[in-house]
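The primary structure of each chain is shown beneath.
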Amino acid sequence: MKKLILSLVMLLAMAGTAQAQFEAGTKYVGASVSGLNLQYNSSEHLRFGLNSKAGLFVTDGLMIYGDFGYTHTRHTDDLNAGVGGRFYFTQNGIFLGAGAEYVHHTKSNNDLMVPIEIGYAFYLNHYLAVEPSVYYKISTNNFSDDSTVGLSIGLGYYF
């Protein structure tokens with residue numbers, strides 16, 4: 001019973017501190033890893049990616065960001081750069097994101113992707129959060145073969 005009460009108190013404390021992180025003017029820097037058989041498209045089954053993001057909350061709960069990433073497959077190495085936005089539900093840390101991303105494929109055509117994601121910012125302390133998310137990147141070049149579904153695990157720093 002003591003463990004249950006302590007867990008509830010800690011959960012309420014984390015929910016209260018999470019709201020302060022989503023205020024206008026807060027800056028964000030993050031890095032994430034995707035793939036490890038958690039990302040799939042029909043042309044390549046195994047993908048491993050590293051991404052970095054930097055953003056700014058323009059209003060409470062709304063962040064705009066720029067990102068840069070690298071993805072490795074068995075046959076290609078891809079570089080991507082893009083912009084996007086995230087809306088945070090301040091009550092619980094769940095976020096929705098969307099954007100536009102230019103992808104440079106080393107052995108095929110370049111592509112413009114439209115990534116959408118849903119995730120959760122789980123705060124370890126006042127500034128640092130673990131951010132698991134599920135995403136879908138829609139390819140404008142070859143929708144059926146190059147669109148990608150995946151899971152990403154990130155670390156975000158809010159200051």
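Values in this document were obtained by computation on a predicted structure and should not be read as measured data. (Residues numbered from 1 in each chain as written. Predicted model: local features only at pLDDT ≥ 70, side-chain atom pairs only at ≥ 80, totals over all residues. Heavy atoms only, no water.)

I'm lost on the pattern of salt bridges in this one. Help?
Any two side chains of opposite charge can pair, on the condition that their charged atoms come close. Counted according to the given criterion, the structure contains four salt bridges. For Glu-117, the salt bridge identified is with Arg-86, shortest N-O distance 3.2 Å. Residue Glu-117 is located in strand E6 (residues 111-120), and its partner Arg-86 is located in strand E4 (residues 77-88); the two are separated by 31 residues in the primary sequence. Grouping residues by exposure puts Glu-117 and Arg-86 together as buried. Salt-bridge contacts for Glu-101 lead to Lys-137; the nearest nitrogen and oxygen are separated by 3.1 Å. Here the residue Glu-101 occupies a position in strand E5 (residues 94-105), and Lys-137 occupies one in strand E8 (residues 128-139), the gap between them amounting to 36 residues. Across the pair, exposure class does not vary: Glu-101 and Lys-137 are buried alike. Taken together, the shared-partner salt bridges connect Lys-53, Arg-86, Glu-117 and Glu-131 into one network. (Salt bridge = Lys/Arg side-chain N within 4 Å of Asp/Glu carboxyl O. Helix = DSSP H or I, 4+ residues; strand = E, 2+ residues; numbered from the N terminus. Buried < 20%, exposed > 50% of the residue type's maximum accessible area, 1.4 Å probe, protein only.)

What exactly am I supposed to notice about the pairing of E4 here?
It is a general feature of regular strands that their side chains alternate between the two faces of the sheet. Residue alternation in E4 divides its side chains into a buried set, Asp-78, Asn-80, Gly-82, Gly-84, Arg-86 and Tyr-88, and an unburied set, Asp-77, Leu-79, Ala-81, Val-83, Gly-85 and Phe-87. Pairing geometry for strand E3 (residues 62-73) and E4, over 11 bridges, is antiparallel. Residue pairing across strands places Thr-71 opposite Asp-78, the latter belonging to E4. Once E3 ends, the chain turns through three residues before running back antiparallel as E4. (Pairing = 2+ DSSP bridges.)

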